[in-house]
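# Examination of the molecular architecture
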Amino acid sequence: RHVPEDITTLLSMTQPMKLRGYQKWDTFCDAVSNMMSNTLLPADGKGVMVALRPVPGIRIEQALTLCRPNRTGDIMTIGDNRLVLFLSFCRINDLDTALNHIFPLPTGDIFSNRMIWFEDNLISAEIVQMKQLAPEQWGKPLLVASDTKPVLNATHDGHVWRRVPEPLRLLSDAEERAS
Ligand code: C2E
Ligand code: C2E
């Protein structure tokens, strides 16, 4: 089937919004700058970018394991001891609501410092800065086998975070057989 060229261009421009979750530093920067230069998206309404620095004692890689975006278009990266999140189409007044959906713990317990950018040219200027960061400073997610337990066993049901109950047998098989 023939797809007109302008439709293909249109589709490719929306690709960054199809990403979700952790991205490598350079991929993150490219995705956000692509969104900022996309004239089809609302001016100064594309989303909010927030950089978070962990409290002393928490490594940035550990903080990353607590960052669980649900919405397609919500992406994050780590580097320079910061976790940087881009929340697509989030309004600045809704930032705390969105962060509460994304982190199972109050962000104040995990991070001691945050910086926020929410206008196209401010986000773009920060991305220019971020692109200067040497690859040695980029963070690497902890290698977690897919079957290992998450740090905090909780899921977000659309309203609140809930602990996931784990079945626990009080008697061992051996004791049961003996009775
Ligand atoms: P999505 O945007 O990728 O969001 C995936 C899941 O993240 C949602 O699953 C929901 O659990 C959570 N989520 C995302 N944004 C919000 C939010 O602003 N508030 C809350 N409370 N939760 C949020 P869910 O609800 O099953 O929706 C599945 C998909 O259906 C969404 O994928 C989105 O594509 C669409 N959708 C659902 N409701 C809406 C809506 O009100 N507006 C829009 N534009 N799309 C919606
Ligand atoms: P919004 O995107 O205009 O969504 C307004 C309300 O529509 C949300 O209120 C929620 O009740 C519902 N809604 C929107 N999308 C979804 C969805 O995919 N699934 C479900 N179940 N409900 C949805 P809420 O949750 O109080 O969020 C208020 C605002 O906070 C949202 O306005 C958005 O700007 C921001 N926000 C909340 N959660 C997220 C998130 O996970 N990611 C991003 N990027 N923004 C979020």
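Description of the structure in this document. Here the residue numbers are simple positions, counted from 1 along each chain's written sequence. The order in which chains are written sets their letters, starting at A; the order in which ligands are written sets their numbers, starting at 1. Where local features are concerned, this predicted model is filtered to residues with pLDDT of at least 70; where side-chain atom pairs are given and counted, the filter is 80 or more; whole-chain, interface and lining totals use all residues. Excluded from the side-chain calculation are hydrogens and water; included are all heavy atoms of the structure.

## Side note on the site of ligand 2
- Taken together, the neighbourhood of ligand 2 is formed by Arg71, Asp74, Leu87, Ser88, Phe89, Cys90, Arg91, Asp94, Thr97, Ala98 and His101.
- Two N or O atoms form a polar contact when they lie within 3.5 Å of each other; inside protein one atom must be a possible hydrogen donor and the other a possible acceptor, and for residues adjacent in sequence the pair counts only when both atoms belong to side chains. Here Arg71 contributes a side-chain N or O atom positioned 3.0 Å from an oxygen atom of ligand 2.
- Note on areas: Shrake-Rupley, 1.4 Å probe, and residue coverage restricted to the protein chains presented here. The fraction of the free accessible surface of ligand 2 (770 Å²) that becomes covered by protein chains is 49%.
- The helix count covers DSSP runs of H or I at least four residues long, the strand count covers runs of E at least two residues long, and both are numbered beginning at the N terminus. Counting only elements with at least two residues in the shell around ligand 2, the list comes to β4 (82-88) and α4 (95-102).
- For the shell around ligand 2, the element with the highest residue contribution is α4, accounting for 3 residues.
- Amino acid classes used here: Ala, Val, Leu, Ile, Met, Phe, Trp, Tyr, Cys and Pro are nonpolar; Asp, Glu, Lys and Arg are charged; the rest, including Gly, are polar. Of the residues in the shell around ligand 2, the class split is 4 nonpolar, 3 polar and 4 charged. One heavy atom within 4 Å of a molecule or strand is enough for the residue carrying it to be called near that molecule or strand.

## Focus on the pairing of strand β3 (residues 74-79)
- Of all 6 residues making up β3, 6 are buried, and the element is well covered by its neighbours.
- Under the scheme applied here, a residue whose accessible area is under 20% of the maximum for its type counts as buried, over 50% as exposed, and between as partly exposed, the area being computed with a 1.4 Å probe on protein chains only. Neither face of β3 is open: one carries Asp74, Met76 and Ile78, the other Ile75, Thr77 and Gly79, and all of them are buried.
- Pairing between strand β1 (residues 21-22) and β3: 2 bridges, direction parallel. Counted as the bridge partner of Tyr22 is Met76 from β3.
- Judged from the 6 bridges that link them, β3 and β4 form a sheet pairing that is antiparallel. Of the residues in β4, the one forming a bridge with Asp74 is Leu87. Between any two strands, at least two bridges found by DSSP are needed for them to pair.

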